[in-house]
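Given next are the chains, with one letter for each unit.
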Amino acid sequence: MADLFDKIYKDKGPLGKWSEVAEGYFVFPKLEGPISNRMKFRGQDVITWSVNDYLGLANHPEVRKVDAEAAAEWGSAYPMGARMMSGHTSLHEKLQEELASFVSKEAAYLLNFGYQGMVSTIDALVSKKDVIVYDVDAHACIIDGVRLHLGQRFTYKHNDMESIEKNLQRAEKIAEQTGGGILVISEGVFGMRGEQGKLKEIVALKEKYNFRLLVDDAHGFGTLGKTGAGAGEEQGVQDQIDVYFATFAKSLASTGAFIAGDQEIMDYLKYNLRSQMFAKSLQMQLVIGALKRLEMLRTMPELKEKLWENVNALQNGLKDSGFDIGTTQSCVTPVYLKGSIPEAMALVNDLRENHGIFCSIVVYPVIPKGMILLRLIPTATHTLEDVEITLTAFSAIRERLENGTYRRLSAGVAEAMEK
Ligand SMILES: Cc1ncc(COP(=O)(O)O)c(C=O)c1O
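Residues numbered from 1 in each chain as written. Predicted model: local features only at pLDDT ≥ 70, side-chain atom pairs only at ≥ 80, totals over all residues.

**Some words on helix H14 (residues 341-355)**
Spanning 15 residues, H14 covers 20 Å between terminal C-alpha atoms, matching the ideal 21 Å at 1.5 Å per step. Directly beyond the C-terminal end of H14, a positive phi value near 65° is found at Gly 356. (Helix = DSSP H or I, 4+ residues; strand = E, 2+ residues; numbered from the N terminus. Expected span 1.5 Å × (residues − 1).)

In structure tokens form, the structure reads like this:
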């Protein structure tokens, strides 16, 4: 018999195995200073393209004031206990009502964290008889929610309508035998590549198949649609989304999340969401802070307009300079380059140290071997000057990537990695 920790001593896991070369720089970097377009990394000013503060609310003076006042009035403990037992307040209800009305749903329910809330929502919506059909590129919180499911589940190829239909047919056969139903799960915006989920096409399938649709709109909420109500509003199908989910961790620049839908379904979830029934209620500071942020989202369309001015300038600039930004249909801006992991590391080092640009880097196994994905998140706090500097830097690093500079610089690392 092995010691439980033996495997941990031998293998730190797919990401952990890079910790010695990556930690503190490529992973677990420390970005310092107020959250904005310019922050500090290892003491140096950098243009920050890696923070999902889409509307620039994180450090907005009005938001900071309300957050500080709420903390002074309530502290960080209030309310104590789970909503069901002792942690319920009128302000929690008020926030739910306002969120529901904003996303055009009858009711909403608060979640302490998006990740846990999504896991729990999936768990509460399905029973063993039901079948889940979900996009293969779904976020980890969806995958982990599906893992709890005791019945059948099928993935469909990313945003592929033929594949979703094929899987709906398989699901229908099983549901007919078990007497269960079908839950389809998509994202409103897929956070890595920036594509929107094909919600319009998916809801059109409701005419042929009997299913309910759950949408994780973490990146769409606040950024897409006329009012900022997200990908469903953008695609004109918000009313066809049966359970709408968004987190406060992006456009609302805070912590917490919510689900919204028909009153009866939300009433059911209120009594069956284990992540909320068995966890302390969202603290008051976050509730009051979310009310303020939502009010700003509703009343300050200029924030979303500025965001999109920056998104368009950055995405058009990259395309005009010949960069491959894939098929993004959102603020998420991926830049695909070809190169090895050591080359990607040398390239990001150059970007940060010599050009003052901080963006996230994604490599194999998240994307295919030999590809480098630099992921940029524009926000309303960026300026067109930030975009110009970044475009110039990107042209410079592409040249160095193509002329083999990074291959030479990273030869030592490549050798060490092969060992
Ligand atoms: C698509 C998506 N869903 C869910 C979450 C989890 O939300 P939270 O950070 O509130 O746990 C994230 C990340 O924040 C996300 O990108």
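**A closer look at the packing of helix H13 (residues 301-320) against helix H15 (residues 384-402)**
Between H13 and H15, the least distance of the axes is 10 Å, while the angle of their chain directions is 20°. Accordingly, the angle class assigned to the pair H13 and H15 is roughly parallel. Of the two elements, H13 crosses H15, and the hand of that crossing is right-handed. Contacts from Asn 310, Ala 313, Leu 314, Gly 317 and Leu 318 of H13 reach H15 at Leu 384, Val 387, Leu 391 and Phe 394. Class assignment for the residues of the contact of H13 with H15 results in seven nonpolar, two polar and no charged. (Axes fitted to C-alpha atoms, helices over the stretch in contact; angles between N-to-C directions. Parallel < 35°, antiparallel > 145°, perpendicular 65-115°, else oblique. Left-handed = near helix turned anticlockwise from the far one by under 90°. Contact = placed C-beta atoms within 7 Å. Nonpolar A, V, L, I, M, F, W, Y, C, P; charged D, E, K, R; others polar.)

**Overview of the pairing of strand S3 (residues 44-48)**
Alignment of strand S2 (residues 38-41) against S3, held across four bridges, turns out to be antiparallel. Among the inter-strand pairings, Arg 38 is bridged to a residue of S3, identified as Ile 47. The hairpin turn running from S2 into S3, its antiparallel successor, is two residues long, and Arg 42 in that turn takes a positive phi close to 50°. Of the strand pairs in this sheet, S3 and strand S12 (residues 357-358) are connected by two bridges, and their pairing is parallel. Along S12, the bridge assignment pairs Thr 48 with Phe 358. (Pairing = 2+ DSSP bridges.)

**Here we look at the site of the ligand**
Residues in close proximity to the ligand total 13 residues, the closest being Gly 114, Tyr 115, Ala 218, Thr 247 and Ala 249. Looking at the shell around the ligand element by element, the count peaks at three residues for helix H5 (residues 114-125). Considering only residue class, the shell around the ligand consists of seven nonpolar, four polar and two charged. (Near = placed C-beta within 6 Å.)

**Description of the environment of Pro 334**
Considering the arrangement of structural elements, one finds Pro 334 in strand S11 (residues 333-338). Pro 334 sits 92 residues away from Asp 242 along the chain, and the two C-alpha atoms are 30 Å apart.

**Notes on unusual backbone geometry**
Residue Pro 79 is bonded to the preceding Tyr 78 through a cis peptide linkage, with omega at -10°. One non-glycine residue, Ser 104, adopts positive backbone phi at about 55°. Of note, Ser 104 is situated in the loop between helix H4 (90-102) and strand S4 (107-111). For Ser 104, a count of 16 C-beta atoms within 10 Å gives the class partly exposed. Positive phi is not limited to glycine here, since Ala 253 has a value of about 45°. (Buried ≥ 20, exposed ≤ 12 C-beta atoms within 10 Å, placed from the backbone.)

**A word on the domain arrangement of the chain**
Partitioning the chain into structural domains gives domain 1 (6-54 + 301-418) and domain 2 (61-299). Each partner contributes residues to the interface: domain 1 has 16 residues there, and domain 2 has 17 residues. Counting residues per element, the ones that place at least two in the side of domain 1 that touches domain 2 are H13 and S11. Looking at the side of domain 1 that touches domain 2 residue by residue, the class counts come to six nonpolar, seven polar and three charged. (Domains from an automatic or database assignment.)

**What to know about the sheet that holds strand S1 (residues 31-32)**
Pairing in this open sheet of four strands is mixed, and the strands run S1-S2-S3-S12 from one edge to the other. For this open sheet the edge positions go to S1 and S12, each flanked by a neighbour on one side alone.

**Some remarks on the pairing of strand S9 (residues 243-247)**
Of all the five residues making up S9, five are buried; the element is thus mostly covered by neighbouring parts of the structure. Residues of S9 alternate between two faces, with Val 243, Phe 245 and Thr 247 on one and Tyr 244 and Ala 246 on the opposite face, all of them buried. Sheet topology places strand S8 (residues 212-216) next to S9; three bridges connect them, and they run parallel. Across the sheet, the residue bridging to Leu 214 is Val 243, located in S9.

**Remarks on the nonpolar core**
Of all hydrophobic cores here, the largest spans 113 residues; its most connected members are Val 133, Phe 258 and Ile 259. Mapped onto the domain boundaries, this core takes at least three residues apiece from domain 1 (6-54 + 301-418) and domain 2 (61-299). Sequence-distant contacts of Phe 258, that is, excluding residues within four places in its chain, are made with Leu 99, Ala 108, Tyr 109, Leu 110, Leu 111 and Ala 246. (Core = buried A, V, L, I, M, F, W, Y, C linked by C-beta atoms within 7 Å.)

**Brief notes about the packing of H5 against helix H6 (residues 140-147)**
Packing of H5 against H6 brings their axes to within 8 Å, and their N-to-C directions diverge by 35°. The element H5 and its partner H6 pack so that their crossing is right-handed. From H5, Gly 114, Tyr 115, Met 118, Val 119, Thr 121, Ile 122 and Asp 123 reach across to H6, where they touch Cys 141, Ile 142, Asp 144, Gly 145 and Val 146. Tallied by class, residues from the contact of H5 with H6 come to seven nonpolar, three polar and two charged.

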